[in-house]
Amino acid sequence: MSDNVTQSPLQIERILQEDVPPATRVRLAKAIVRSYVDARACCDSLRETTRRDTEPHMRRGFMEKALADVTKEVGGELEDAKSENDSSNYVAATHGRCVLTQNAVNELHEMPRGANYRSTRARSAQLDMYERPELPLPGSKIYGVVTYGPRKGSAPWFAHIVVPNQDFTDIVARISLTNELMAERFGEGAASAIQDGPR
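For the structure given in this document, a descriptive report is provided here. (Residues numbered from 1 in each chain as written. Predicted model: local features only at pLDDT ≥ 70, side-chain atom pairs only at ≥ 80, totals over all residues. Heavy atoms only, no water.)

The next subject is the nonpolar core. Core analysis: the largest hydrophobic core is formed by 29 residues, its most contacted members being L16, I32, V146, I161 and L177. With six residues, the top contributor of residues to this core is helix 2 (residues 22-43). Here L16 is in contact with R25, C98, I161, V163 and I175, once residues within four sequence places are set aside. (Core = buried A, V, L, I, M, F, W, Y, C linked by side-chain atoms within 4.5 Å. Buried < 20%, exposed > 50% of the residue type's maximum accessible area, 1.4 Å probe, protein only. Helix = DSSP H or I, 4+ residues; strand = E, 2+ residues; numbered from the N terminus. Contact = heavy atoms within 4.5 Å.)

Here it is as structure tokens:
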């Protein structure tokens, strides 16, 4: 591997910062919180055991809509795509050089759930990052996943944009949407003073 592999996370983070600017990240964070509230409201009338099974599916639907809505609001591009085995649909949102999908995770540093389309997107998007010294190539894309969860009350404990490596085995860059929301609401000092996620 070349030396630029060790430099890549900083370059990737810079691209995320530039192409998914703070205002967009704050909108995404607010939309994630809304998706938790909306999913809970839709499931309130269900029995506890049914709600526990149904609410995550509702939240995924609201998250897909939220990612699409925010992308449209800020002038990004949307792709309504199907998983490789045609078992589900998902939204791929392009913001400049970044293509984002979404996935709930249980822990802050957990990899998003494996899916063929995620692995394929990571492999094809991240390949140029690791094998070419002139990062990033014109027209190349970075694949990221908006991750969030688990639920604490009516909101997630954390929300991030993470960028997996090309093998989809590790996270090489991360931006905290939770910190962006805290900074917008309480000022820059609040975001640096608060560690998002469960302790």
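Past the structure itself, the notes keep going.
The next thing to look at is the environment of G96. Relative to the elements of secondary structure, G96 occurs in the loop between strand 2 (89-95) and strand 3 (98-104). The class of G96 is partly exposed, set by a relative accessible area of 47%. In this structure the C-alpha to C-alpha distance between G96 and E18, which are 78 residues apart in sequence, comes to 8.6 Å. Those residues within four positions of G96 in sequence are excluded, and the remaining contacts are D19 and K141.

With that out of the way, let us pick up the sheet that holds strand 2. In space, the six strands of this open sheet follow the order 1-2-3-4-7-8, with mixed pairing throughout. Single-partner strands in this sheet number two, and they are strand 1 (77-82) and strand 8 (171-176). Going across the sheet, the axis of each strand differs from the next one's by a mean of 30 degrees, ignoring polarity. The pairing of strand 7 (residues 159-164) with strand 8 spans five bridges and is classified as antiparallel. Paired with V162 across the two strands is R174, which belongs to strand 8. (Pairing = 2+ DSSP bridges. Axes fitted to C-alpha atoms, helices over the stretch in contact; angles between N-to-C directions.)

Once that is clear, we can look at the packing of aromatic side chains. Aromatic rings considered in pairs are described by the distance between their centres and by the relative angle of their planes. Under the defined criterion, the tally for this structure stands at one aromatic pair. On the basis of an interplanar angle of 85 degrees and a centroid distance of 6.1 Å, the ring pair of Y36 and Y148 is categorised as edge-to-face. Residue Y36 is found in helix 2, and its partner Y148 is found in strand 4 (residues 142-148); the two are separated by 112 residues along the sequence. As far as the burial class goes, Y36 and Y148 line up, both buried. The positively charged end of R59 is found above the aromatic ring belonging to Y36, 4.4 Å away from the centroid. (Phe/Tyr/Trp six-rings, centres within 6.5 Å; stacked < 30°, edge-to-face > 60°. Lys NZ or Arg CZ within 6 Å of the ring centre and 35° of its normal.)

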